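Fold and contact review
Each chain, letter by letter, is given below.
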Amino acid sequence: SDSYPDALRRSALNSYVLLQPEEVEFYGAFYQRLFARLPDVKRYFLPERMTSQFSMLNRAIKLLVEFDPEQAASVAQLTRLAQRHRAYGLGRQHLDGFQSALLETLQQSRHVDPAALEAWTQIVGRAMNELWRELQSPTATRASAPPPPG
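The present account deals with the structure reproduced in this document.

Examining the overall build of the chain
Tallying secondary structure elements over the chain gives six helices and zero strands in all. The linear arrangement of helices and strands in the chain, starting from the amino end, is α-α-α-α-α-α. Once local pairs closer than 6 in sequence are excluded, the contacts in the chain between residues at least 24 apart make up 77%. Here the chain displays about 8600 Å² of accessible surface, and carbon together with sulfur accounts for 54% of that area.

Observations regarding the packing of helix H3 (residues 50-66) against helix H6 (residues 114-136)
Axis separation between H3 and H6 bottoms out at 8 Å; the angle between their running directions is 100 degrees. One finds that H3 runs roughly perpendicular with respect to H6. Contact residues: Ile-61, Leu-64 and Val-65 in H3; Trp-120, Ile-123, Ala-127 and Met-128 in H6. Looking at side-chain class alone, the contact of H3 with H6 contains seven nonpolar, no polar and no charged residues.

Focus on the environment of Trp-132
Looking at the element boundaries, Trp-132 is found in helix H6. For the pair Trp-132 and Gly-91, spaced 41 residues apart in the sequence, the C-alpha separation amounts to 8.4 Å. If near-sequence neighbours (up to four positions away) are discounted, Trp-132 is found in contact with Leu-90, Gly-91, Arg-92 and Leu-95.

With respect to the pattern of salt bridges
Taken as a whole and judged by the stated rule, the model has seven salt bridges. A salt bridge links Arg-110 to Glu-22, with the shortest nitrogen-to-oxygen separation between them at 2.6 Å. Of this pair, Arg-110 sits in the loop between helix H5 (92-108) and H6 while Glu-22 sits in the loop between helix H1 (6-19) and helix H2 (23-37), placing them 88 residues apart in sequence. Judged by relative accessible area, Arg-110 falls into the exposed class, the value being 69%. Members of the salt-bridge network, linked through shared partners, are Arg-33, Arg-37 and Glu-104.

Let's talk about the side chain of Asp-68
Take Asp-68: it is sitting in the loop between H3 and helix H4 (72-85). In this structure, Asp-68 is buried with no salt-bridge partner, the nearest side chain bearing the opposite charge being Arg-9 at 4.6 Å. In this structure the side chain of Asp-68 is engaged in a polar contact, spanning 2.9 Å, whose partner is the backbone nitrogen of Glu-70.

Rules used throughout
- Starting from 1, residues in each chain are numbered consecutively following that chain's sequence as written.
- Selection of residues for local features in this predicted model requires a pLDDT of at least 70, selection of side-chain atom pairs for listing and counting requires 80 or more, and totals for whole chains, interfaces and linings are taken over all residues.
- As a convention, hydrogens and water are excluded, and side-chain values are obtained from all of the structure's heavy atoms.
- A run of H or I in DSSP becomes a helix once it reaches four residues, and a run of E becomes a strand once it reaches two; helices and strands are each numbered from the N terminus.
- When checking whether two residues touch, look at their non-hydrogen atoms; a contact exists if any pair is within 4.5 Å.
- Reported accessibility uses the Shrake-Rupley method at a 1.4 Å probe radius. Residues are deemed covered only where the shown protein chains occlude them.
- Whenever a helix is involved, its axis is fitted only over the stretch in contact; in every case the axis is a line through C-alpha atoms, and angles between N-to-C directions fall within 0 to 180 degrees.
- Between 65 and 115 degrees an angle is taken as roughly perpendicular, under 35 as roughly parallel, over 145 as roughly antiparallel, and anywhere else as oblique.
- Three classes are used, and their members are as follows: Ala, Val, Leu, Ile, Met, Phe, Trp, Tyr, Cys and Pro are nonpolar, Asp, Glu, Lys and Arg are charged, and the others, Gly among them, are polar.
- Between Lys or Arg on one side and Asp or Glu on the other, a salt bridge is scored when a side-chain nitrogen of the former is within 4 Å of a carboxyl oxygen of the latter.
- A simple rule labels every residue: compare its accessible area, found with a 1.4 Å probe on the protein chains alone, to the largest value its type can have, and call it buried under 20%, exposed over 50%, or partly exposed in between.
- The positive count covers Lys and Arg only, the negative count covers Asp and Glu only, and His and the chain ends enter neither.
- Whenever two N or O atoms come within 3.5 Å, that pair is a polar contact, provided that in protein one can donate a hydrogen and the other can accept it, and provided that, for residues adjacent in sequence, both atoms are side-chain atoms.

Structural data, given as structure tokens:
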């Protein structure tokens, strides 16, 4: 089976649940790291929309943690996530930057011990690989992408 050991997913999900009361602080720290790594993406995030962005990211991260390549519904959710991001013309460096910023932010959290961080590392790494595969797929509709601002 290609599934994760249940203990791995449980470990990541447990820390995800513990992070919920600190969502704003956690995602604020995440975006600071993300923008430091990838200054070119900052233009897509309006300061007045960041609170709703935190909620969207929180849901997307839960999707990444729960991702199971053997479950059709899980794969379909990841496909939709990729489709929503296609228009931005993301490269592998954007996914790698996202992953690094997320793992660094998790590492700084008191809710994430080394075992949980290792679980996150494996799970998010696999989900990012799937997301990248989906973003590159020939069904990608890049023609409808808006031109980048500026």
